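# Notes for the structure review
Chain residues, written in single-letter form:
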Amino acid sequence: MTPPLLEHPFLAGLPHAAELTGRARLVEFPRAGRLFDEGARADRFWLIQTGKVALDLHVPGRADVVIETLGDGDVVGWSWLFPPYAWHFGARAVADTTAVEFDAAAVRAVCDADPVLGQALLRRFLGVMCDRLQAARIRLLDLYARDPYLETPPATPPSGPPPATAPAAGSRP
Amino acid sequence: MTAMLPAPYRVIDRHEETYDTVTLRLEPVGAAIPDFRPGQFTMLYAFGVGEVPISISGDGSGGGRTAGGDGAGPVLVQTLRAVGAVTRALCDARPGMTVGVRGPYGSDWDVAGAAGQDLVIVAGGIGLAPLRPVVLAALADRDRYRRVVLLVGARTPRDLLFPAEIAAWRERGIEVAVTVDQADAGWTGDVGLVTALVDRAVYDPARCAAFVCGPEVMMRFTARSLLRRGVPAHRIRVSLERDMKCGVGLCGHCQLGPLLVCRDGPVVRYDGVADLIVVKEL
């Protein structure tokens, strides 16, 4: 039977999950409470039960820039998996947040001792990382921006005559 | 009136939704176009400039019209973004000016066919405009549907369409989540891709109908997220964009494999196009 603390979608069906018992505790962050800062030691990670957490980055001369927000059911933090075990971004709660907090060093030790659990947990994290990488790549496309060619068409197109009608647009995305 | 002859409509109201997007309210000068269904589009003609396909963003409940500002007559509501010569001319149209309207054309969202199910409405950018009639139809007949979830992605907070209406929809029982690609300091909502909202939203994948509109890449990834949640492909509808010219399936400019998007679309079931929209130059 899965301990109540480990009943989180991210851990559903994870083999040997009970071994994580004792490495986790329930924590609460009030709105605006910081989880971690860029450059600090990555010694924990969290599974959000309810609430919202913003990953942010300090940019000199500007307020902290929010890179992404995470919500119910999401994972916060993977820098604890790899040396040098330091956070690359910061994180703060942007709503009252309840999460399961894991002791990173203890979880690494359990995973080393139990490769079945270790591989399964790593696969879960890779899935999350893959999703966020894909999302970041799509955001790089800036899909919702106006097409610069359509916005300022050249007086003489590079080749061929101009279209008989202007490029379709409007509320057809 | 023939399918190729624009009906003159007078601009009776122009509302700036964002810095580059306006909503025009149009009333017929003479004969009105036929009633429309949510998801259909018209060909809007800026006289002397050109013609473009524009989805109808107004309420479908009154035969495609809402009462005019003075309650005097049928009104066609269309939201468009200035991206080219024609759309710039249309966006610049002021009350009193006349534009041409052909249509309505194409397939619809079939909102009524989703009775008894959760509605998952996913919009990206200007894609919220063609989905606004879906939200309005759900609100007008709220008891016919279970959860109504609206997930919106925008480039920045200042690009978000209908912010006041979204707040009102939320108060009327629509579960709304909004995310932006780039946030400013004042933004307190979500930041990230709209697919993250699809993953987090609460709905029953086995008993839902999904309506997706936005840039095609956004729709592909949204559909994959919905499929991963367990939504059957035939329950996902997307609104395609191709180079529509005639609007009636004659010219072939909007061909997508076996489909003519102006006639067989723009709204199509995802299982019918999933393999087509990943083919280059099809």
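Note that residues are indexed from 1 along each chain, following the sequence as it is written. Chains carry letters and ligands carry numbers; both start at the beginning, A for chains and 1 for ligands, and go up in the order they are written. Residues qualify for local features only when their pLDDT is at least 70, as the model is predicted, and side-chain atom pairs are given and counted only at 80 or more; totals for whole chains, interfaces and linings, by contrast, use all residues.

We count a stretch as a helix when DSSP gives it H or I for four or more residues in a row; a strand needs E for two or more, and each element gets its number in order from the N terminus. Check the secondary structure of chain B and you find 7 helices and 16 strands. Every radius of gyration here is taken over C-alpha atoms, with the globule rule written as 2.2 Å times N^0.38, N being the number of residues. Relative to the compact-globule value of 19 Å for 282 residues, chain B shows a C-alpha radius of gyration of 18 Å, a close match. Each residue is classed by its C-beta neighbour count within 10 Å, where at least 20 other C-beta atoms makes it buried, 12 or fewer makes it exposed, and intermediate counts make it partly exposed; the C-beta atoms are placed from backbone geometry. Counting across all 282 residues of chain B, residues that qualify as buried make up 53%. C-beta atoms are placed from the backbone for every residue, and two residues are taken to be in contact when these atoms lie within 7 Å. Considering only residue pairs separated by 6 or more positions, chain B has 70% of its internal contacts joining residues 24 or more positions apart.

Below, the discussion takes up the nonpolar core. Proteins that are soluble and globular tend to have nonpolar side chains buried together. Think of a nonpolar core as buried Ala, Val, Leu, Ile, Met, Phe, Trp, Tyr and Cys residues chained together by C-beta atoms that fall within 7 Å. Counting 128 residues, the largest nonpolar core has Leu 119, Ile 121, Leu 151, Ala 210 and Val 238 of chain B as the members making the most contacts within it. Apart from residues no more than four positions distant in its own chain, Ile 121 of chain B is found in contact with Leu 131, Val 134, Val 135, Val 149, Leu 150, Leu 151 and Phe 211 of chain B.

If you look at the interface, chain B gives 49 residues, while chain A gives 30 residues. Mapped by element, the contributors of at least two residues to the side of chain B that touches chain A are β4 (50-55), β6 (74-81), α1 (85-91), α2 (128-140), β11 (190-191), α4 (194-200) and α5 (216-229) of chain B. Sorting elements by how many residues they give to the side of chain B that touches chain A places β4 of chain B first, with 6 residues. When residue character is reported, Ala, Val, Leu, Ile, Met, Phe, Trp, Tyr, Cys and Pro are called nonpolar, Asp, Glu, Lys and Arg charged, and the others, Gly included, polar. Residue composition of the side of chain B that touches chain A, by class: 24 nonpolar, 14 polar and 11 charged.

A few words now on the sheet that holds strand β16 (residues 267-269) of chain B. Residues and elements named next belong to chain B. The sheet built from 7 strands is open, its strands ordered β11-β10-β9-β8-β12-β13-β16 with mixed pairing. Each having just a single partner strand, β11 and β16 make up the two edges of the open sheet. Pairing of strand β9 (residues 148-154) with strand β10 (residues 175-180) involves 6 bridges; the strand directions are parallel. By the bridge assignment for β10, Leu 151 is matched with Ala 177. Here, strands pair whenever DSSP counts at least two bridges between them.

Residues and elements named next belong to chain A. What a helix should span is 1.5 Å times the count of its residues minus one. With 26 residues, helix α2 (residues 115-140) ought to run about 38 Å at 1.5 Å a step, and its terminal C-alpha atoms sit 36 Å apart, in line with that. Within α2, the full set of buried residues consists of Leu 117, Leu 121 and Arg 132. Tucked inside the fold, the buried residues of α2 contact α1 (104-113). At the C-terminal side of α2, Asp 142 shows a positive phi close to 55°.

Any link to function would need more than the numbers given here.
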